[in-house]
Structures are given as C-alpha cells and as structure tokens.
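Structural overview
Below are the chains, spelled out letter by letter.
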Amino acid sequence: MLETPYVTNYLTEHFGEEDYPTIEGYERVGGYRAARKALTEMSPDEVIELVKIAGLQGRGGAGFSTGMKWSFMPKDTDRPKYLVCNADESEPGSFKDRILLERGSHQMLEGILIAAWATGASTTFIYIRGEYAYPADQMERAIGEAYAKGYLGENVMGTGFRHDVRVTRGAGAYICGEETGLLESLEGKKGQPRKKPPFPAQYGAFGMPTTVNNVETFSHVPHIVEKGANWFRSFGTEKSPGTTVFGVSGHVVRPGLYELPLGTMLSEIVFEHAGGVPGGRKVKGVIPGGMSMSILPAGQLDVPMANEFLHERKTMLGTGGIIVMDETTCMVRVASVISYFFRDESCGQCTQCREGTGWINKIVDRIERGAGEEEDLEVLLDVAGKMEGQTICAFADAAAWPIQGLLRHFSDDFAEHVRQRKCPFAESFEL
Ligand SMILES: Cc1cc2nc3c(=O)[nH]c(=O)nc-3n(C[C@H](O)[C@H](O)[C@H](O)COP(=O)(O)O)c2cc1C
Ligand code: SF4
C-alpha cells in the first residue's frame, strides 16, 4: 500500500483509511451519492453545463475544458458511444494517477459513471500502462464490486441506464498516452497517433464517438456534482479552478504527492511542502509539469502553478510532475537523458520527429563528451524550432520544449562544455 500523500485535500482526503479502496469504505464516506444524484435528478445536459461552469480542465496535460469536451459528443446517433480513461501515465516525473487508481478506484469509477450519463456512453475502456500491474488489479477489483452492487451493468442503480467498464493493459510505450495513439493500441494495433480531424468525438475507439479523459479529471467529477460549481471554484485561480495532485521528485527532502489548489506557488511546493534540497545545497532548476515541459531556473520559482502564469514563463503545468535539480546538476546531461527518451519513444511516422529527436540526442551527447562546437547550440535551436507544430501529434513539440528551455536558461552549461572540451560538473549524476 502506498503511503498517504503528504498534503491531502478533497481528492486524497481518505486515502490513508484502510477500507477506503473497498466499496463499503467508499460508501461510508458518501461514495456513489453524486452518481445517484446525477442519474436520478439531473439531465445529461445539466451535468455537462455544471462541469463547464465549474471550469474543470483536463489533468492529462493539455488542460482542455472537460465540460466542453463532453459537449462535443454527438447526441442524435444510433452508434454506440464510448469513454476512454487515460491511465497510461508515462510522462517521466508524473506519478499522481497511480495513487488515484490504487487508493481512489471507486472515486474515479464514480466520475466515469457520471461522465457516461452526461455523454450517453455505453462502455468505458480504462487503458492502464502495463507497468501498473497493482493499480490495474485494484481497478479490476473495484469494477467487480461496482457490478455486484448494481452500480455498473444493464440497469445502473435501477435507472434503466446501461454502462460497462473494461480494463485494458498497455505494453509500455509513451506514445500510447497520446489519445489517438492510445485508441490505436486499444484496438490492438501499433500505437501510432492518428491525423486529426476527425477528432475522437466523431471517430474514436473502433470508429465510434469517443471521449478521452485522464484519471484525475474523472476523479474530480463526483465532488463537483455533489458540492457544486461554486464550491469547486473556491479552490485554485479564476482561470484554473480546483486542486491538483502535484508529484514532487528529484533533489528534495520529502519527495511525494501533494494535493494543493492550482495556483499554489512553485516555491512553496518545493521549499515548504517538499522541504527544499537536502544537504544545504541550492536549487539549480525545476521542471514544473513532467519532463516534456520547459525547465525554470532557481530565480523563477516565485510563480503560481497554473497555466495562465506558467505560460508567461514559457512553460506549462503539464501533469504537475515537479522535478527538482540541485546545483551539482549538469544541464547538458539532463538534455541527454531527455533527448534519449524522446528519440527512443518517437513512433517514427513524421520526419521532423523521427529525425529531429535523433539529431538532437546525437548533438547533445557530442557536447557532453566535450566534442561539441559553438555552432552546435544554434543547430540545436534550429532543429527544435522546426519540430514544433509540424507533426501528426504533439509529441514532437514535447520533445522540443525541454531542449529549448534548457538552452534558454542554461546556455552557459552548454558553452562551458564546448570551451573546456569536457563536462565541467564533476559532482553531477552519472549518465
Ligand atoms: C506524447 C503525449 C503523451 C501523453 N500522455 C498522456 C498520459 O500518459 N496520460 C494522459 O492522461 N494524457 C496524456 N496525454 C494527453 C492526451 O493526449 C489527452 O489530451 C488526455 O488524455 C485528455 O484527457 P484530459 O482532457 O482529461 O486531460 C499525452 C499527450 C501527448 C502528446
Ligand atoms: S510527432 Fe512523433 S510521436 Fe507523434 S505521430 Fe509524429 S512521429 Fe509519431
């Protein structure tokens, strides 16, 4: 069992209670009341409107309005409609969905049930990364309990509404977290993202209208239905309401999960909640939202963790996976780790991505070995710039942004490697 997160709020409030993952434990604290309310007292359109007014934004990385996304599902159609719960969580630095699946399986299932009612979906596919064997087992157990209680199946809570939920396990590819790569994988094919349009709401899983949402996104929904939009908006900022579960890792005293309102200062999370850097060392840089987001240097941590503020610093909230690096860190080695990952994980369909990720990794490694030239820095920026906005999916952008961020804030690290013809950071982590 995972330890309780260090800071809890409404999503993680009961995660430390032994019986909370069971249906009895969940019902003991009011579980499935919101689903009953939605299915018996609210029309699907009313649920969608409520989620829109609450301002819930997807927690999978892109931050798109959840209510808006649900409203894109066609209404007058005889075709079956599907939901997909994206539990692939393969973004390095992100580990919040894991605990939400393990400890909050019924909370997420209840959110799925409400979303199914709102969108008219007949089946939900929960796509879980293959490495998450225990979370997947927990979900299957919870689904079994929900069927046994009549909360899933052909007559949900006696309302006549039918909904089924299935778990599918992935096989360890980062690109299967991208929603259309996921849909291909779900259908048993190679996980290669699809060209859009058509968007999943028109042509999704098995060609049917589909909505894809993240684990955490679904988990917020029962709370919104039960306590209302104004209550939800009492957390976070005006443009980014609610809490989120920040995962903090790297050079900190207390790595872990912290459920805090969106808009909490990054400095507060790193220094107060996570206890700052151990051993009296200083912070050098912090990645605020998972490895595909741009890094912020130590001088820029006084920023609220919400997209409207992070955009001003040319970065994003992403998945809220915060990676802290201390002053011993060689940022060229960081670029090497990141570029190796993206080179390895590119699905290879688009030239800019397939060639660009390989090229960046090759040049960064050359610089790290002390064999780089001054022009290499310009070539890196040029290649990264040409990968943005040119490809089938946003993977290529996600591969370019961290490299651009490292060059923007730590160009001295790169220049010193070229000047000294070796890595000047003797105490940095090993490659
Ligand atoms: C390369 C790439 C990887 C992604 N990986 C994930 C992931 O592991 N989990 C996730 O929820 N969303 C991931 N996304 C975002 C999904 O495509 C999609 O936007 C999200 O699941 C929608 O859910 P939301 O609206 O609830 O955030 C990824 C996107 C890209 C481009
Ligand atoms: S951008 Fe990269 S990962 Fe996305 S479809 Fe193109 S090659 Fe594949």
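That block above? That's the structure.
We now turn to the structure provided with this report. (Residues numbered from 1 in each chain as written. Chains lettered and ligands numbered in written order. Predicted model: local features only at pLDDT ≥ 70, side-chain atom pairs only at ≥ 80, totals over all residues. Heavy atoms only, no water.)

**Describing the sheet that holds strand β6 (residues 256–261)**
Ordered by their spatial adjacency, 5 strands build an open sheet running β6-β5-β9-β7-β8, and the pairing between neighbours is mixed. Both edges of this open sheet fall to β6 and β8 (296–297), since each of them pairs with a single strand only. Relative to β8, strand β7 (residues 283–287) runs antiparallel, the two sharing 2 bridges. Paired with G285 across the strands is P297, a residue of β8. (Pairing = 2+ DSSP bridges. Helix = DSSP H or I, 4+ residues; strand = E, 2+ residues; numbered from the N terminus.)

**A closer look at the environment of L56**
Inspection of the secondary structure puts L56 in the loop between α3 (44–54) and α4 (66–71). Note on L56: relative accessible area 0%, which makes it buried. For L56, the contacting residues outside a window of four places in its chain are V51, F64, S65, T66, T217, H220, V221, I224 and F232. (Buried < 20%, exposed > 50% of the residue type's maximum accessible area, 1.4 Å probe, protein only. Contact = heavy atoms within 4.5 Å.)

**Quick look at the packing of aromatic side chains**
Aromatic rings considered in pairs are described by the distance between their centres and by the relative angle of their planes. Under the defined criterion, the tally for this structure stands at 20 aromatic pairs. Centre to centre, the rings of F341 and F342 are 5.2 Å apart; their planes meet at 85°, and the pair counts as edge-to-face. Residue F341 is classed as buried on the basis of its relative accessible area, which comes to 18%. By relative accessible area, which is 2% here, F342 ends up buried. Taken together, the ring pairs connect F15, Y20, Y26, Y32 and Y151 into an aromatic cluster. Lying over the aromatic face of Y132, R129 brings its terminal NZ or CZ to 5.3 Å of the ring centre. (Phe/Tyr/Trp six-rings, centres within 6.5 Å; stacked < 30°, edge-to-face > 60°. Lys NZ or Arg CZ within 6 Å of the ring centre and 35° of its normal.)

**Brief notes about the site of ligand 2**
Residues in contact with ligand 2 amount to 13 residues; listed here are only the nearest, C347, Q349, C350, C353 and C393. Looking at side-chain class alone, the shell around ligand 2 contains 9 nonpolar, 4 polar and no charged residues. (Near = heavy atom within 4 Å. Nonpolar A, V, L, I, M, F, W, Y, C, P; charged D, E, K, R; others polar.)

In short, the description is geometric, and any link to function would need to be established separately.
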